[in-house]
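Below, each chain spelled out in residue letters.
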Amino acid sequence: MTERYTAAPNRRSLGRTTTTCDTGEVEELNNQLQIELAGGKAPPTHVRSATSPASVRRLAVFACDTVISNVGLWSHGRLTANQGCTSERSRAGEPVTGSRRNPSVFLSYRRDGGGDLAQVIKAFLEGCGVHVFLDVDDLGSGHFDEQIFRKIEATDVFILICSKGCFDGCVDPDDWVRRELEHAISLAKRIVPVVTREFCWPRQKELPESIRAVIRHNAFEYSHNHWKLTRARLLNLIGVDSDWTAGAPPQPESTVLPSSFRSEDGVVPDTHPSSGSGIGEDFDSSRPLDLAQLTSLADQGDADAQRALGAAYQSGNGVEQSDLKAVDCYLKAAKQGHADAQYRLAWMYAAGRGVERSNDQALAWLRLAAEQGHAQSRYSIGGMYANGQGVVRNAQHAAEWYRKAAEQGHADARFILGGMYEAGQGVEKCARQAIVWWQMAAEQGHANAQVNLGFMYTKGQGVEVSDTQSVFWFRKAAEQGNELAQFNLGLMYKNGRGVEPSSKLAAVWFQRAAEQGYLGAQCNLASLFESGQGVKQSDKQAVFWYRKAAEQGDAFAQARLAQLLELRRGFE
C-alpha cells in the first residue's frame, strides 16, 4: 500500500483464466492510439509495425488487462503487466515495497553546448547505480553507427540533452542527434528531454516529422542552482529506484559533486548566492554586503573575511562573479586552517570551478576540514567512499564517516546511515538501528527520513506496526511537498489506515503528487476520475492523467488509454 522509493505489486493469483483477442483488431487500436497521441497524424510506418517492441508490448498488456477486468481486479488498483515496465505499482491492502532493476540510460547530446551537462548527469546517475552509455566514454572498437544503434536498443531510457540550438542541425538527415532520436522513437523507448535554461523548444512544424514526437514527452528542466532540489524528479522520470530508498544507501548528498557540498551554516554555496558573504557566524544574509570592510579585513589576513569574500566572488554577491578570485580567497583562508574555507575549496576542486578538477585535491582539503570536526566535510568524505569517487569504493569506510557526521547532528548523514543499517551495507543489518537514525533525521524535518519512518511503521520493521504513526510521518513529509509522502498519504486515506477512509482526501494527496510527476499517483488519480470516487467523474480528466503516466512509459496507463480510446471516452 505504501511506498518508500521502490515498489512492487501486491501479488495475487489470477488462476489460469485466459482471454483471447484478435491481433489485427488490437493492432488497429494501437495505431489509433498512436494517431490520437500524435495530434491526429499517423506516425511513421516503422513506429506502427505490428512486430515492433511497442506493439508487442501493448498486445501483451491489452490481453493481461482484459484478464484483470474479467476477474474483477481493476477496481483494486494497478498491476504489473509486463516485465519491461519499470513504473511503481500499488494496490489496496498490503504495503508496497521491494526492489527492481534500475533502468539503463543512453545519453544523446550536442557536443557544442551539451557535453558538460551530459557528463554531470552521467556521474550522478552512475552514483545511483544506473548504467549510463555516453559515446565519448563508452564506445568500443568497431563501426561507430552500428554500436550507437545497438546501445540505444539495449538501454531502457533515452535522455536527450536539449541545449541551446540542439535541434538546428536536425534538418540534415545524417545528423547524429536526429538519427539517434529517430531510432529511439522507432523503438518506443522512454524518452526524457533534459532542458537547459537557454534552450527554447522549436515549433512542431520546424522539426522533421520523424522526431516531432519528442515535443510530447515530459521534459526535465535542468538548473545548476537547483540541482539538489530537482534531481529526484529526474530519477522519477526515468524510473530509477531513487537514492532515497530505505532499501539501499543513497548517494545524493554524499557525492563530491557541486550540489553535495554545503557551507558551515548548511547552505550549498552555488545555490544560495546571498548566503556566501559575511564574516563567520555573525553574518546575516539579509544585510547588504559591506564589500569595502570585507576586503580590508581580508587584506589584513582575517581568515573569516577571506572565506566570506571568496563566497561573495563565487556567487557574485555584491561583486562581479569570479571563480578564480573565489579560489584565491578560499585558499588563503584554508592555509590558515579555516575549516569551512577548506571545505569550500574542496568543493571548487570537485566541481572544477576556478581550478582544474581534481578529486585528489578535493579529498585532501576535506580531510583537513574533517580533522577539525567539520561535519559536512565528514559527510562528503563518506560520500566519496560510498561512490568510489577519488578513492576505492568502500561501504564500511563510508559508514564510518557518515557516523561521524551523524553524531554531530548532520540530518542527511543520519538519513543515509539509517539506510545503510536497513540494507546491511557497510554495517551489520539492523532495522532497529535504521529506525534510530531515521527518527533523529525525521525530527530534524528531513522529509525523506520521515517517509521511510512512516513506511517502517506500516510494515512493523524495527518498530511495532502503527498506522497512526505512519500517517503522522507521511503527513509531515507531505506538507513539505514530498511527492512520495503525498502518494502514500493518499493511499492511507483511500484504504482507511490510521485515518477515517476518505476518497476525497485521497484524491487531494494523489493530485499533489501527480502534479509533481509521480507516476503511481498519476495512475491512481486517473482511476479515481474514471470511477468518480472522491472526485466528480470525468473521463476527460482520467485520460489526462493516464496520458501523463503513459508518456513516462507506464504500460498499464497505455493499456487504459487504448481501451478508453476504443470506447471514445474522454477523447475529443
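Now for a look at the structure at hand. (Residues numbered from 1 in each chain as written. Predicted model: local features only at pLDDT ≥ 70, side-chain atom pairs only at ≥ 80, totals over all residues. Heavy atoms only, no water.)

Quick word on the overall build of the protein chain
Assigned secondary structure in the protein chain consists of 24 helices and 5 strands. Residue burial in the protein chain is summarised as follows: out of 572 residues, 56% are buried. Contacts in the protein chain between residues at least 24 apart in sequence constitute 63% of all its contacts with a sequence separation of at least 6. (Helix = DSSP H or I, 4+ residues; strand = E, 2+ residues; numbered from the N terminus. Buried < 20%, exposed > 50% of the residue type's maximum accessible area, 1.4 Å probe, protein only. Contact = heavy atoms within 4.5 Å.)

Points about the nonpolar core
Formed by 62 residues in total, the largest nonpolar core has its most connected members in Leu345, Ile381, Tyr402, Leu417, Met420, Trp438 and Leu453. Tallying contributions element by element places helix α12 (residues 339–351) first for this core, with 8 residues. With residues near it in sequence (within four places) discarded, Leu417 still touches Ala399, Tyr402, Arg403, Ala406 and Trp437. (Core = buried A, V, L, I, M, F, W, Y, C linked by side-chain atoms within 4.5 Å.)

Points about the environment of Glu198
Mapped onto the elements of the fold, Glu198 is located in the loop between β4 (190–195) and β5 (220–221). Residue classification places Glu198 among the partly exposed positions, given a relative accessible area of 47%. Distance from Glu198 to Ser163, taken between C-alpha atoms, is 6.9 Å for residues 35 residues apart in sequence.

A short note on the pairing of strand β1 (residues 105–108)
Neither face of β1 is left uncovered, since the one carrying Val105 and Leu107 and the one carrying Phe106 and Ser108 both have all their residues buried. With 2 bridges connecting them, β1 and strand β2 (residues 132–133) associate as parallel partners. When the bridges of β2 are listed, Phe106 appears paired with Phe133. Handedness of the crossover is the feature at issue here: the chain leaves β1, passes through helix α4 (residues 111–127), returns alongside β2, and the resulting connection is right-handed. For β1 and strand β3 (residues 157–162), the ladder comprises 4 bridges, and the chain directions are parallel. Among the inter-strand pairings, Ser108 is bridged to a residue of β3, identified as Leu160. (Pairing = 2+ DSSP bridges. Right-handed = clockwise from strand over helix to strand, strands pointing away.)

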